[in-house]
Amino acid sequence: MTDTEAREERVLEAVRERRELVNAAIPEELPVVEPERLYEASRYLLDAGGKRLRPTVSLLVAEALAATEPVPGDYRSFPTLVDGEEIDLMAAAVSVEVIQSFTLIHDDIMDDDDLRRGVPAVHQEYDLETAILAGDTLYSKAFEIMLDTNAPAERTVRALDVLASTCTHICEGQALDVAFETRDDVLPDEYLDMVEQKTAVLYGASACLPAILMGADDETVDALYGYGIDIGRGFQIQDDVLDLTVPSETLGKQRGSDLVENKQTLLTLHAREHGVDVESLVETDSVEAVTEAEIDEAVARLQEAGSIDYARQTAAELVESGKSRLEVLPENESRELLESLADYLIERGY
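First things first, this report covers the structure right here in the doc. (Residues numbered from 1 in each chain as written. Predicted model: local features only at pLDDT ≥ 70, side-chain atom pairs only at ≥ 80, totals over all residues. Heavy atoms only, no water.)

Before going further, it helps to examine the overall build of the protein. Within the protein, the regular secondary structure consists of 15 helices and four strands. Taking 350 residues into account, the globule formula puts the C-alpha radius of gyration at 20 Å, and the protein, at 20 Å, falls close to it. Overall size of the protein, expressed as C-alpha extent along the three principal axes, is 65 × 50 × 40 Å. When the 350 residues of the protein are sorted by exposure, 54% land in the buried category. Taking as baseline every contact in the protein between residues at least 6 positions apart, the subset at least 24 positions apart corresponds to 71%. Taken as a whole, the protein presents about 15200 Å² of accessible surface, with 47% of it coming from carbon and sulfur. (Helix = DSSP H or I, 4+ residues; strand = E, 2+ residues; numbered from the N terminus. Rg over C-alpha atoms; globule rule 2.2 N^0.38 Å. Buried < 20%, exposed > 50% of the residue type's maximum accessible area, 1.4 Å probe, protein only. Contact = heavy atoms within 4.5 Å. Areas by Shrake-Rupley, 256 points an atom, 1.4 Å probe, with all protein chains shown as cover.)

What follows is the structure in structure tokens.
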């Protein structure tokens, strides 16, 4: 086994261990009560699976800050940076994952996607009205769950402020993404700003919320937020690359679907700036009808323009920037796992 393979296996095991604990906590924080159909729809995607990367980031940050053993006995009674004080860290981790699920439900409605995590989207399994209500319920429940951490009032209010701002930024990023579909003059910096708001802010919140709740200083909170922003942006850019370079069977969707749907990515923005007629890269306007040969030809043209290498390099630089921000944490195994997780998101983003 190579060093890279060993590191990857270590990261996957760390995610698996924490995912199992988060999965067990979700029904406790979000039970199916009356009206049952609403709460079943709210839980539907959460129960369908997911990597739980964001709550894993939260748990790892807390472990690193408290210098505890990895996967300590009880995240429900987790030591803070104040002697003798404990908080329910798992509640904070679940809150973050509930926000993620809320955004997925509404994204699928806006994009009219049929599948999510290998099952029918919520609006397909139930109906449009129920799906909208389920997303709204998850949004509000995330704040209720964050209130259950038992952290001091001042820190709880600050955590709620971060969560609220995060949700606002996600909506702003989604609006920008939609607006970009009708523009052919989007600049790379505008794209990076959109990605930060739509995708990276929830990673930023995942990383800084434990620090806030545990009583860390502002320098630590800001650095951890920056870690999440950097790796979140890097992950999204790498995801754009993988959409073109990874086989459809591995992706779980048609390779090159972003190109077919004329979605703006850092690759296409770079290519346009270097004289490529992006709109003509793929003539077929249907994801179902596009051929592998068409995608291969488009990828070759993007490679010739240097766009794929540019995107990969940008993603790698962002991840390195994010990892450097972890210097505010004590040196321990959980900090090392946060560094390795950042690398994993870029190397194996799918």
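Here the narrative resumes, following the displayed structure.
This model, assessed by the stated rule, comprises zero disulfides. Take Cys 167: it sits in no disulfide, and the sulfur closest to it among the cysteines is that of Cys 171, at 7.0 Å. Of the residues examined, Cys 167 reaches a relative accessible area of 3% and is grouped as buried. Look at Cys 171 and you get partly exposed, because its relative accessible area is 47%. (Disulfide = S-S within 2.5 Å.)

With that out of the way, let us pick up the packing of helix H4 (residues 89-111) against helix H7 (residues 153-180). Look at H4 against H7: their axes get within 12 Å of each other, and the N-to-C directions meet at 25°. Relative to H7, H4 is oriented roughly parallel. In this structure, the crossing between H4 and H7 has a hand that is right-handed. In this structure, H4 contributes Ser 95, Ile 99, Thr 103, Asp 107 and Met 110 to the contact, and H7 contributes Leu 163, Cys 167, Ile 170, Gln 174 and Val 178. (Axes fitted to C-alpha atoms, helices over the stretch in contact; angles between N-to-C directions. Parallel < 35°, antiparallel > 145°, perpendicular 65-115°, else oblique. Left-handed = near helix turned anticlockwise from the far one by under 90°.)

Further remarks concern the environment of Gln 254. Its location among the elements puts Gln 254 in the loop between helix H10 (248-251) and helix H11 (257-260). As for Gln 254 and Val 241, which are separated by 13 residues in sequence, their C-alpha atoms are 13 Å apart. Excluding residues within four positions of it along the chain, Gln 254 makes contact with Asp 243, Ser 248, Val 287, Val 290, Glu 292 and Ile 295.

Turning next to the packing of aromatic side chains. What the rule picks out here adds up to five aromatic pairs. With a centroid separation of 6.0 Å and 15° between ring planes, the pair formed by Tyr 75 and Phe 78 is classed as stacked. Both residues of the pair, Tyr 75 and Phe 78, belong to the buried class. A centroid spacing of 5.3 Å and a plane angle of 65° characterise the contact between Tyr 139 and Phe 143, whose relative ring orientation is edge-to-face. One end of the pair is Tyr 139 and the other is Phe 143, both in helix H6 (residues 128-146) and four residues apart, which spans about a single turn. (Phe/Tyr/Trp six-rings, centres within 6.5 Å; stacked < 30°, edge-to-face > 60°.)

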